[in-house]
Amino acid sequence: MKLRFEKRLEASHLSTILVPLASFVISLLLGALLLAANKANPWQTYHAMFMGSFGSLYNFSEVIVKATPLILTGLGVALAFRLRFWNIGAEGQLIWGGIGASVVGLFVTPAQGGNLIYLLLAIMAAMAGGALWAGIPALLKTRLKVDETLTTLMMNYMAILSYQYLYNGPWRDPEGFGFPGSRQFSQAIWLPKLVGRSTIGIIIALVIALVLWFVLTKTKWGFELTMIGKNPRAAHVLGVNSNKNILVALLISGALSGLAGGFEVLGVSHRLQQGLNLGYGYTAIIIAWMAALNPLSVVLAALLMAMLLVGGDQVQMIMRLPSAVGLVLQGLILIPLLGGAVFSEYRLRFIGDKKDV
Amino acid sequence: MFDLVGSLLMITLAAGTSLLYATLGEIFTEKSGILNLGIEGTMLMSALTAFTVSYYSGSLILAVFCAALTGGLLSLIHAIITVTLRGNQVVSGLSITLLGTGLSSFLGQRLGPESNGFTLFGLNAHRFHAIEIPLLSNIPFLGAFFHQDILTYLLYFLVPATWIFLYRSRYGLSLRAVGENPRTATAMGIHVMKERYIYTVFGGIMSGIGGAHLSLAYTPGWSENITGGRGWIVIALVIFAAWNPGRAMFGALLFGGINAIQFRLQASGTNIPSAFLNMLPYLITLVVLVLMNVSPRMQRRFTAPGALGRAYVPEDK
C-alpha cells in the first residue's frame, strides 16, 4: 500500500470550511497540551480568554480595538495575495500610514482647533503613506521583476527604524518629560469614539470589507484580478494588462494597511509613539490565509485573532500566565492550516503495491 | 587607533558569528529551492533552549546540541509543510517565526526557577568565553581573529568546508541541481524531496547554533526578542552573499560591523545615527535586489536558485 496525492479536478468547497475550523481546534488542543505542561488548567485558561473577550461590553470593545487594524491589514494582504503578489510588507505599510497621518497631525493641523477637514486630510495622508510603501515594491516588481517577498520584507524593517527615528528624534515632544513620542494631535482630528477605546474605524473597516468583496466577486475588474492571479497566461491572451492591475491593486493594498496605521495614531494613541510595530502586519498574513483570501471571511478571522490577543492579555491579569499565550495559539493555527490546504487541491489515494504509472 | 579598530573588529566577529551560522544554513536551504522565512523564530527558540539547558545542566555542549535540535525540529515542520504537503513557503516560514516568537516569549516566562518568579530573565548560566590563542592573539589588529569563542573558531573551518561541499563535491552538484531545476534533477536520478528535507533541516540546525551563540556568548542571558531582527538580516545576507558561503562571510563581517559600530555609538551617547546604521543592511540588500535584476553584469553574479520558493509537484508533467 502506498499513499499518493491526486489532484482534484475542482477545489473542494467543503475543505475550505473544514480545514480552517479543524486548524483552530488543533491549535487549541496543542495549546492545551502546552498549558497543561505548565501546570495551568487549559479549560480555565480558555474560559478566561473567552470571558476576557466577550465577558463585558468593555472587553468586547477591546477586541474591536485590535480587530480594526487586523481587518484592514488582512484585507490589504488578501487583495495582494489574490494576484499572487506576496506582499508581506503590511507591517511597514501600516507604519507608514501612521507616519502619513502624523505629518498632517503635527504640521498641517493647528495645535489647538482644526476641524473635520483636517481629519479627512490625515486619513488621506495615512492611505498615501501606506500606498507609497507598497508602491515601491510593486513598481520594482512590475518594471524590473524584483522579487516582492524580499523587498516588502526589507522595507518592513526600514519602516520600523524610520518611525522609531522620527518619534525619538526630530518629532519628539520637547515637553514630553523625556517620554519618547511626538506631541499629541489636536482633539479635532481624533477619530470619534464608539464604546471604550474603540472608534468608528471599525465601521469604516467593515464597509471596506463589503465593498472589496463586491468588487472582487461581482465586477469585471475583480474578475480580471482573480484571473491574473490564477491564470496569468489566459489574462494576457484576453488582453488584461497585468502590470498595470498589479500596481493599482498594490496601491490599494498598501492604502488599506496605511489606513490601519492612520486609525491607530488618530484613534488610539493620538500621537506618533511606539506601538505601531506590534506585528499586526504579520498576523494579517495568517488572517488572509485563514480566510482563503475572501474579504468577508477576513473579518471573521480578524475577530478571532483579536480575541486571542485580548484573551491573552486577560489571562496575564487573571491567571498570571504570560500574555504570549495568544501569540502561541495564533502561530499554532497556521501550521495545520497550511498543511491542510493540500486537501482542498488534492485527494489522498491509497494505491496498491503494483508499479504506478 | 589600533586599539579602537581592534576592539571594533572583536565585536564585529562576535556579532557576525550568529549571523554567519544561520546564513550558511539558509544558503543550503535556499540552494535546494526552499525559502525559509522562519529563521527569526527558529533562532529565538534555539537561543531560549540553549540558555535553559545551560542553566539547568551546566553543560555547554548539551546546550548547543539541544539548540541545534530545536532548530532542526522547527525546520522539519517547515519541510513537512512545504515539501510533502506543498504548502506556501512564504506563509509557512512566517508562521514558524510567529510561533517561535510567541512560544519563546511564553516559555521564557515559565521555564525559570520558582525563586526567580519562573522567568529566565536576569539569570546567569554557563557561557562561552573567548579563548586567546597564544602569540597569534597578540598581533595588532588581526589579533582580534584569535581572541574569540569556540563557536566563532569553528566557523573558520565551516566557511571553506561549506564552500567546497557546495562547489567542489558531488553532493553540492546534486543540491544545486535540485534548487535550479528539480525536474532535471529527478531525471538525473536525484531524490528531490529527500534532498530538500535534508537541507531544510540542516538550515534549521545551523540557525539553532546561531541562536545558541546569542544567548550563550554574544549577549549572554535570556531576554525576550533576544534576536532583535537578526533572523531577517540573515534573509538579507543570503541575497547579499549571492548564495555563496565565501561571500556570506564578508557579508556577516560587514553587517556585524555595522552592529559593532552602532554598539559604540550608543555607548558614546549619540542615538540618532544608529537608526540609519541599523537600516543599512536592509537598504544595501534592497539595492542589491534591484541591481540583480537591472545590470546584466550583476545578473550573472547574483542569480537566485531557479526553483527557489516553488513546490515540486512530480505528477505535473
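Residue numbering note: each chain is counted from 1, following its sequence as written. As they are written, the chains are lettered A onward and the ligands numbered 1 onward, keeping that order. Residue-level local features of this predicted model are given only where pLDDT is at least 70; pairs of side-chain atoms are given and counted only at 80 or more, and the full residue set underlies all totals for whole chains, interfaces and linings. Side-chain figures throughout are based on the complete set of non-hydrogen atoms in the structure, without hydrogens or water.

A. Summary view of the overall build of chain A. Going along the chain from the N terminus, every DSSP run of H or I of four or more residues is numbered as a helix, and every run of E of two or more is numbered as a strand. Broken down by element type, chain A carries 14 helices and 2 strands. What the globule rule says is 2.2 Å times the number of residues to the power 0.38, and the radius of gyration is computed from C-alpha atoms. Computed over the C-alpha atoms, the radius of gyration of chain A is 22 Å, within 12% of the 21 Å expected from 2.2 N^0.38 for a compact globule of 357 residues. Counting only C-alpha atoms, chain A reaches 80 × 60 × 35 Å along its principal axes. Partly exposed describes any residue whose relative accessible area lies between the buried limit of under 20% and the exposed limit of over 50%, with all areas from a 1.4 Å probe on protein chains only and scaled to the type maximum. Counting all 357 residues of chain A, 55% fall into the buried class.

B. Structural context of the packing of aromatic side chains. Side-chain rings of Phe, Tyr and Trp, where Trp is taken by its six-membered ring, are said to pair if the distance between their centres is within 6.5 Å; with planes under 30 degrees apart they count as stacked, over 60 as edge-to-face, and otherwise as tilted. Following the criterion strictly, the structure yields 22 aromatic pairs over all chains and no others. Ring geometry for Phe 50 of chain A against Phe 54 of chain A: centres 5.1 Å apart, planes inclined by 45 degrees, an arrangement best described as tilted. Of this pair, Phe 50 of chain A and Phe 54 of chain A both sit in helix 2 (residues 42-54), 4 residues apart, which is roughly one turn of that helix. Taking the relative accessible area as the measure of exposure, Phe 50 of chain A reaches 44% and is therefore partly exposed. On the basis of relative accessibility, which here comes to 37%, the residue Phe 54 of chain A falls in the partly exposed class. Where Trp 96 of chain A meets Trp 133 of chain A, the ring centres are 4.7 Å apart and the plane angle is 15 degrees; that geometry is what we call stacked. Placement of the pair is Trp 96 of chain A in helix 4 (residues 90-108) and Trp 133 of chain A in helix 5 (residues 116-144), with a sequence separation of 37 residues. A residue is classified by how much of its surface remains accessible, and Trp 133 of chain A, at 11% relative accessible area, is buried. Each member of the aromatic cluster is reached from another via a ring pair, and the members are Phe 28, Phe 165, Tyr 171, Tyr 199 and Phe 202 of chain B. In our convention, an over-ring charge means Lys NZ or Arg CZ found within 6 Å of a ring centre and within 35 degrees of that ring's normal. Over the ring of Phe 118 of chain B we find Arg 110 of chain B; its NZ or CZ atom is 5.5 Å from the centre of that ring. When the ring centre of Tyr 171 of chain B is taken as origin, the NZ or CZ atom of Arg 170 of chain B, which lies over that ring, is 5.0 Å away.

C. A look at a nonpolar patch on the surface. The grouping of Leu 57, Leu 194, Val 195, Ile 203, Val 207 and Val 211 of chain A at the surface amounts to a nonpolar patch, some 510 Å² of accessible area in total. Here the nonpolar patch gets 3 residues from one element, more than from any other, and that element is helix 7 (residues 201-218) of chain A. Two distance rules govern patches: like charges are joined within 9 Å, and nonpolar side chains (Val, Leu, Ile, Met, Phe, Trp, Tyr) within 5 Å, applied only to residues with over 30% relative accessible area and no salt bridge. To measure how exposed things are, a 1.4 Å probe is used in the Shrake-Rupley method; for residues, cover is taken only from the protein chains shown. Within this document, salt bridges are pairs made up of a side-chain nitrogen of Lys or Arg and a carboxyl oxygen of Asp or Glu, the two lying within 4 Å of each other.

D. The nonpolar core, seen in detail. What makes a nonpolar core is a set of buried Ala, Val, Leu, Ile, Met, Phe, Trp, Tyr and Cys residues whose side-chain atoms join them at distances within 4.5 Å. Membership of the largest hydrophobic core comes to 190 residues, with the highest contact counts inside it found for Leu 266 of chain A together with Leu 37 of chain B. Pairs of residues are marked as contacts when any of their non-hydrogen atoms sit within 4.5 Å. Residues contacting Leu 266 of chain A, with those up to four places away along its chain left out, are Ala 101, Leu 119, Ala 122, Ile 123, Phe 185, Ile 189, Trp 190 and Leu 191 of chain A. By size, the runner-up hydrophobic cluster in this structure holds 9 residues, among which are Ile 34, Val 192, Met 193 and Tyr 312 of chain B.

E. Region of the structure containing the interface of chain B and chain A. The interface is formed by 43 residues belonging to chain B together with 44 residues belonging to chain A. What gets called buried area is simply the loss in accessible area from a 1.4 Å probe that two parts show on being joined, summed for both. When chain B packs against chain A, the two sides together hide about 4100 Å² of surface, and 81% of this comes from carbon and sulfur. Linking chain B with chain A are 0 salt bridges, by the criterion used here. Polar contact criterion, stated in full: a pair of N or O atoms within 3.5 Å, where within protein one must be able to donate a hydrogen and the other to accept it, and residues adjacent in sequence count only if both atoms are side-chain atoms. At the boundary of chain B and chain A, one finds 2 residue pairs in polar contact (both at pLDDT 80 or more). Mapped onto the side of chain B that touches chain A, the elements with two or more residues apiece are helix 3 (60-84), helix 4 (89-108), helix 9 (230-240) and helix 11 (273-294) of chain B. Here the term charged refers only to Asp, Glu, Lys and Arg, the term nonpolar to Ala, Val, Leu, Ile, Met, Phe, Trp, Tyr, Cys and Pro, and the term polar to all other amino acids, Gly among them. For the side of chain B that touches chain A, the per-class residue count stands at 28 nonpolar, 12 polar and 3 charged.

F. Expanded view of the packing of helix 11 (residues 280-290) of chain A against helix 12 (residues 295-319) of chain A. Residues and elements named next belong to chain A. Two numbers describe how helix 11 lies on helix 12: the axes approach to 8 Å, and their chain directions differ by 130 degrees. It follows that helix 11 is oblique to helix 12 by the angle criterion. In the packing of helix 11 onto helix 12, the handedness of the crossing is right-handed. Side by side, helix 11 and helix 12 meet where Tyr 280, Thr 283, Ile 286, Ile 287, Ala 288 and Met 290 of the first sit next to Val 298, Ala 301, Ala 302, Leu 304, Met 305 and Leu 309 of the second. Among the residues making up the contact of helix 11 with helix 12, the classes are represented as 11 nonpolar, 1 polar and no charged. Only C-alpha atoms enter the line fits that serve as axes; for helices the fit covers just the stretch in contact. Angles between N-to-C directions range over 0 to 180 degrees. Throughout, the term roughly parallel applies to angles under 35 degrees, roughly antiparallel to angles over 145, roughly perpendicular to angles from 65 to 115, and oblique to all others. Crossing handedness is defined as follows: a turn of the near helix away from the far one that is anticlockwise and smaller than a right angle gives a left-handed crossing, while the clockwise case is right-handed.

G. Representation of the environment of Gly 239 of chain A within the structure. Position of Gly 239 of chain A relative to the elements: it lies in the loop between helix 9 (232-237) and helix 10 (242-269). In this structure, the C-alpha to C-alpha distance between Gly 239 of chain A and Ile 117 of chain A, residues 122 residues apart in sequence, is 41 Å.

H. Fine view of the pattern of salt bridges. All names here are of chain A. For the structure on display, the rule yields 3 salt bridges over all chains. Two residues, Glu 62 and Arg 197, come together in a salt bridge whose shortest N-O distance is 2.8 Å. Of this pair, Glu 62 sits in helix 3 (residues 57-82) while Arg 197 sits in the loop between helix 6 (148-168) and helix 7, and the two are 135 residues apart along the sequence. Given a relative accessible area of 34%, Arg 197 falls into the partly exposed group. The partner of Lys 141 in a salt bridge is Glu 148, and the shortest N-O contact between them spans 2.9 Å. Judged by its relative accessible area of 28%, Lys 141 falls in the partly exposed class.

I. Representation of helix 11 of chain A within the structure. Residues and elements named next belong to chain A. The element helix 11 is largely enclosed, with a buried count of 10 among its 11 residues. Within the span of helix 11, buried status applies to Tyr 280, Gly 281, Tyr 282, Thr 283, Ala 284, Ile 285, Ile 286, Ile 287, Ala 288 and Met 290. Ala 292 sits one or two positions beyond helix 11 and adopts a positive phi of about 50 degrees.

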